[in-house]
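Inside the fold
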Amino acid sequence: MSDELIKQQEIDFQLYEVLDTESLCDRERFADHNKETFGAVLDTANKLASELFAPHNAKADSDEPSFDGEKVSMIDDVKVAFDAYNEAGFVAGRYDYDEGGMQLPETIMTACSGYFLAANPSTTAYPFLTMGAANVIRSFASQELKETFLPPMLSGEFTGTMALTEPHAGSGLADIRTSATLAEDGTYRIKGSKLYISGGDHELTSNIVHLVLAKIPGGPAGVGGISLFVVPKYRLDDSGKPAERNDVVLAGLIHKLGYRGTTSTALTFGENGDCHGYLVGEPHQGLRYMFKMMNEARLGVGFGAAVIGYRGYRYSLDYAKERTQGRLPPKTNPTDPTVPIVEHGDVKRMLLAQKAYSEGAMSLCFFGARLVDDVHTAKTEEERKSAFELLDLLTPVVKAWPSEYGPKANDLAIQVLGGSGYTREYPVEQCWRDNRLNPIHEGTNGIQALDLMTRKIWQKNGAGLALLQKQIMSDFSQAKGAESQKLIASVGSYVAQLEPLLGTIGKALQSEQLLAVISNAHSFMNVFGQIVMSWIWIRQAIKAEQALSGEVTEQEKAFYLGKIQTAKYFVNWELPAIKRDLELLTQLDSSCSDMQTEWF
Amino acid sequence: MKVLVPVKRAIDYNVKVRVKPDNSGVDLANTKMSINPFCEIAVEEAVRLKEKGVATEIVVVSVGDKSCQEQIRTALALGADRGIQIDTDLSLDSLQIAKLLKQVVDKEEPQLVILGKQSIDSDNNQTGQMLAALTVMPQGTFASEVVVDGDKVNVTREIDGGLQTVALNLPAVVTTDLRLNEPRYASLPNIMKAKRKPLEVMPAADFGVDLTSKVSVIKVEPPAQREGGAKVADVAELVEKLKTEAKVI
Ligand SMILES: Cc1cc2nc3c(=O)[nH]c(=O)nc-3n(C[C@H](O)[C@H](O)[C@H](O)COP(=O)(O)OP(=O)(O)OC[C@H]3O[C@@H](n4cnc5c(N)ncnc54)[C@H](O)[C@@H]3O)c2cc1C
């Protein structure tokens, strides 16, 4: 895949037109930055991603890591890319200057991550997991743990993992069995098995820092009894260098559909009773700590799904412009030239859907990233709190919508390429395989839908929802163009149904119809998601109309008209699909919940 | 030793180039622009000379409108010390650029000027040679190795027949080839440092150089589409086709 990973114009539009990212520089934390430094950082990300990550994306997939019983080996390109990422200083990009960071806004770091995820999601996972783990340590661990583990993680000497899932406990983490017993030296001995741990073993770095969820015997049952531990692969000597092995053993690698370059591991902790773990923060607070990081982590998954969707879209678009096939009425004589397939209506449909899904999902995630910035740096306490409420409400959507529609976009990319799309000679099937993970990890989309319908919507007396409505109204009030006003009117009729629907659902959740309602959670996510995405598309259309009212080049004109047309497509084609869901939800349809296991 | 590195803002090499519908040029609206790759190699070489303790100061210069400050900043983030933007909205030819650069050379008196051998947009391969002629400095073009040795610089050149090494008296002009080095990436901390490095803006009009272009672009066209090949049954048929169809023998 040559060409740009993500079009410069798209990034600029999202960052500086749809969002006013430059205004962040008025905030004290970002005062040293300006559009130019943001641009330079984005350039470095783009360059690194294009030159060191993209070229081995297919190779890391076909030549997946292997384990000979002693060591994991993988293609060398991964380490080259990993080291360059660290040397460029991205791992600490968000951190304070005095921690060696760059104090970059989340919005910009998200845009940077887009280049890497579009180029090569599986190699990108190694530094990203490390950043996630480092973030938890930085936020919740003792000074001593921070001083010991953070510097080597930030410099890329150590990587990190998140070890939550166990063979019998994935979505239901309350039931994990890994135990942590206090030893005489004040540290803990960890015992148990973890499954699917990404980056759980490899030779990229001299040490791996696992963040492990485990239960301290005698603690409360369920999620309130889960604690978090730092468990290094090698224990450190007095100088902080990896020394003794820490009784964390790789039981085996897991062979996956996609994301093959990232090692997926089954890990055994404490088989010989000698796995040392260091408690992070207070006992029994482990899941709470993890959840604090969840909004950011889920944003990352959503954005990854969006940009992989976008890669497939761009590739299939280029292909459709070059591949000629068939003729278009009225010029259907064999003597007439064949046309590029992009001119066929059905191919346009598939490209428009991909554009709507991937650029829409990117825009949603950028909105989420901006909220993360506002949570931390908005001027007033009130604004910071509001940003948090809104982000908390939107997080299940930010995770689930892109990860449901990203793979759908890739599925359509395969279809646009026809037979070529189904072959491994073309990259779109890998996009689909890689992207197919996203609805599963970081909380399955089923769990996200439940979270949205049974918790987030009602949280703080619906404060998040009220904020969302306010945001939508304020955006819509800026619509000046005829097209966006028409679209707003169409969305209005669906938004109006939301309130009575919530009344119905709210009551039913408290009744014996509870099982029926929650079996329709996916429909609720659809309704809410399509309304949110209509707003996200209209936001873009409004900005496009504004731009078109000024002076633009032919090329810019095409870009903005494309945005407006896609908003139209979304509202006319995708939004009405929720009629079915509205019906099912309002009727408290119990087709699924009434189905008995024996009847299958 | 002071090193002067002229850099050019050019279309990014990853971008698929589009010709404007009216064939007047390449459509640059909203396309990604970068330092011309050969110029980036020139910056890298200068930075390496500085890291070796050979160079003491690296000055980057670019001719263009305000937007080329972006590329100057990139060069500063890669390790150059200060920048000069020669400000003009005009699109200039190699000769005018070389004349402007000569003035900078006269003022800055660098011991070494390192330029890219050509820019990937116009592929002229002229500016370095012209600058050498105008400043009466020796030139080593298409360098794949540059070794400063006292008051001389040994430049290994990539030529058609292989490699040629020339020894030039300093001050000298060197132009870079692709294999000279692999440029580093601008790290995030260095991007912040670059912000604080001096960047001087000088109006091109003040240089007393005639900036009217001597070259006019008549038409820009995309390269012809490659046509599918054909298989021939044997050598005889190949020779026949080369004679009658391709008319090359
Ligand atoms: C490639 C890959 C990488 C991963 N990386 C990591 C990692 O680094 N660290 C880590 O800890 N984990 C990781 N995971 C694990 C991942 O987070 C889990 O697979 C995920 O949480 C789902 O758990 P599970 O596989 O046990 O599925 P299950 O929980 O068994 O779910 C199976 C199905 O049942 C549904 N379901 C489950 N419970 C409910 C419910 N209460 N209501 C309705 N539906 C329900 C789910 O939505 C799903 O469709 C990874 C997984 C994969 C595939």
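In this section: the overall build of chain A. Tallying secondary structure elements over chain A gives 19 helices and 12 strands in all. Over its C-alpha atoms chain A spans a radius of gyration of 25 Å, differing by no more than 12% from the 25 Å that the globule rule assigns to 600 residues. Referenced to the eigenvectors of the C-alpha coordinate spread, the extents of chain A come out at roughly 80 × 60 × 55 Å. Counting every position in chain A, which comprises 600 residues, the buried fraction comes to 52%.

Our next topic: the overall build of chain B. Along its length, chain B carries six helices and 11 strands. Across its three principal axes, chain B shows a C-alpha extent of roughly 65 × 45 × 40 Å. Relative to its full complement of 249 residues, chain B shows a buried share of 39%. The contacts in chain B between residues at least 6 apart in sequence include a share of 69% that link residues at least 24 apart.

In this complex, chain B contributes 20 residues to the contact, which on the side of chain A involves 26 residues. Counting residues per element, the ones that place at least two in the side of chain B that touches chain A are α2 (69-78) and α5 (188-195) of chain B. Considering every element that reaches the side of chain B that touches chain A, the biggest residue donor is α5(B), with five residues. Its residues assigned to classes, the side of chain B that touches chain A shows nine nonpolar, five polar and six charged.

As a further point, take helix α7 (residues 143-154) of chain A. Residues and elements named next belong to chain A. Between its terminal C-alpha atoms α7 stretches 16 Å, which fits the 16 Å expected from 12 residues at 1.5 Å a residue. Elements that come into contact with the buried residues of α7 comprise α6 (121-140), β3 (158-163), β6 (207-215) and β7 (226-232). In the segment just after α7, Gly156 is the residue with positive phi, at about 85 degrees.

This part is about the pairing of strand β4 (residues 179-182) of chain A. Residues and elements named next belong to chain A. Examined bridge by bridge, β4 and strand β5 (residues 188-198) share four bridges and lie antiparallel to one another. Bridge pairing in β5 places Ser179 opposite Lys191. The antiparallel pairing of β4 with β5 creates a hairpin that spans five residues between the two strands, and Gly186 there sits at a positive phi of about 90 degrees.

What follows covers the nonpolar core. Judged by nonpolar contacts, the single largest core of 238 residues is most densely connected at Phe229(A), Val5(B), Val43(B), Ala46(B) and Val60(B). Residue contributions to this core peak at 17 residues, all from helix α10 (residues 381-417) of chain A.

What follows is about the site of the ligand. All names here are of chain A. Inspection of the region around the ligand gives 21 residues, with Leu164, Gly170, Ser171, Thr444 and Gly446 positioned closest. Put simply, the parts of the chain that give the shell around the ligand at least two residues each are β3, β5 and α12 (445-456). Classifying every residue of the shell around the ligand gives 10 nonpolar, 10 polar and one charged. A domain-level breakdown of the shell around the ligand finds at least three residues from each of domain 2 (158-285) and domain 3 (290-310 + 355-401 + 433-586).

Further remarks concern the sheet that holds strand β8 (residues 152-159) of chain B. All names here are of chain B. Overall, mixed pairing links the nine strands, which are arranged β9-β8-β7-β10-β6-β1-β4-β5-β11 in an open sheet. Edge positions in the sheet fall to β9 (162-169) and β11 (199-203), since each of these pairs with one other strand and no more. In this sheet, adjacent strand axes meet at a mean angle of 30 degrees when their direction is disregarded. Sheet analysis places strand β1 (residues 2-6) next to strand β4 (residues 57-64), joined by five bridges and oriented parallel. In the strand pairing of β4, Val3 is matched with Ile58.

Right, let's talk about the confidence of the model for chain B for a bit. Summarising the model, chain B shows a mean pLDDT of 93, and 100% of its residues fall at 70 or more. This prediction of the complex comes with two scores: 0.93 for pTM and 0.86 for ipTM.

Further remarks concern the packing of helix α1 (residues 8-18) of chain A against helix α9 (residues 345-377) of chain A. Residues and elements named next belong to chain A. It is at 11 Å that the axes of α1 and α9 come closest, and there the two elements cross at 40 degrees. As judged from the angle between their axes, α1 and α9 are oblique. The way α1 lies across α9 gives a crossing that is right-handed. Between α1 and α9, the residues in contact are Glu10, Gln14 and Val18 and Glu359, Met362, Ser363 and Phe366, respectively. Of the residues belonging to the contact of α1 with α9, the class tally is three nonpolar, two polar and two charged.

Moving on, we come to the domain arrangement of chain A. Residue and element names in this part refer to chain A. The domain boundaries assigned to chain A delineate domain 1 (8-140), domain 2 (158-285) and domain 3 (290-310 + 355-401 + 433-586). Computed from C-alpha coordinates alone, the two centres of domain 1 and domain 3 are separated by 25 Å. At the interface, 24 residues of domain 1 touch 25 residues of domain 3. Partitioned by chemical class, the residues of the side of domain 1 that touches domain 3 number nine nonpolar, 10 polar and five charged.

Going from Pro329(A) to Pro330(A), the amide bond is cis rather than trans, its omega being 5 degrees. Secondary-structure assignment places Pro330(A) in the loop between α8 (286-322) and α9. The omega angle of the peptide bond from Leu170(B) to Pro171(B) is -5 degrees, so this bond is cis rather than trans. Position of Pro171(B) relative to the elements: it lies in the loop between β9 and β10 (172-176).

Let us look at the environment of Ser179(A). All names here are of chain A. Tracing the backbone shows Ser179 in strand β4. Note on Ser179: 17 C-beta atoms within 10 Å, which makes it partly exposed. In sequence terms Ser179 and Pro217 are 38 residues apart; their C-alpha atoms lie 6.8 Å from each other.

This part is about the environment of Val41(A). Note that Val41(A) resides in helix α2 (residues 35-53). What makes Val41(A) buried here is the crowd of 27 C-beta atoms within 10 Å. Discounting residues that sit within four places of it in the chain, Val41(A) has contacts with Leu104(A), Ile108(A), Cys112(A), Leu188(B) and Ile191(B).

All names here are of chain A. If you check helix α17 (residues 554-574), its first and last C-alpha atoms are 29 Å apart, about what 21 residues at 1.5 Å a residue would give, namely 30 Å. Regarding α17, the residues found buried are Phe559, Tyr560, Lys563, Ile564, Thr566, Ala567, Lys568, Phe570, Val571 and Glu574. Each element contacted by the buried residues of α17 is listed here: α1, α9, α14 (482-509) and α16 (521-548).

Calculation rules
- Per chain, the residues get numbers from 1 upward, laid out in the order the sequence is written.
- Ligands are numbered from 1 and chains lettered from A, in the order in which they are written.
- Note on the predicted model: pLDDT of at least 70 is required for a residue's local features to be given, and 80 or more for side-chain atom pairs to be given and counted; whole-chain, interface and lining totals, by contrast, use all residues.
- For the purposes of this entry, the term helix denotes a DSSP run of H or I that reaches at least four residues, the term strand denotes a run of E that reaches at least two, and both are numbered from the N terminus.
- Throughout, radius of gyration means the C-alpha value; the globule benchmark is 2.2 Å times the number of residues raised to the power 0.38.
- Partly exposed residues are those whose C-beta has more than 12 but fewer than 20 other C-beta atoms within 10 Å; with 20 or more the residue is buried, with 12 or fewer it is exposed, and the C-beta atoms are placed from the backbone.
- In this description, any two residues whose backbone-derived C-beta atoms lie within 7 Å of each other are considered to be in contact.
- Under the grouping applied here, Gly and all other residues not named as nonpolar or charged are polar, the nonpolar ones being Ala, Val, Leu, Ile, Met, Phe, Trp, Tyr, Cys and Pro and the charged ones Asp, Glu, Lys and Arg.
- The span one expects for a helix is its residue count, reduced by one, times 1.5 Å.
- For two strands to count as paired, DSSP must find a minimum of two bridges between them.
- As used here, a nonpolar core is made of buried Ala, Val, Leu, Ile, Met, Phe, Trp, Tyr and Cys residues. They are joined through C-beta atoms within 7 Å.
- Residues are classed as near a molecule or strand if the C-beta position derived from their backbone is within 6 Å of it.
- The split of the chain into domains comes from an automatic or database domain assignment.
- As a rule, the C-alpha atoms of each element are fitted with a line to give its axis, helices using only the stretch in contact, and angles between N-to-C directions run from 0 to 180 degrees.
- Here pLDDT means the predictor's own confidence in every residue, given as a number from 0 to 100.
- For classification purposes, an angle smaller than 35 degrees is called roughly parallel, one larger than 145 roughly antiparallel, one from 65 to 115 roughly perpendicular, and anything else oblique.
- Should the near helix be turned anticlockwise from the far one by less than a right angle, the crossing is left-handed, and should it be turned clockwise, the crossing is right-handed.

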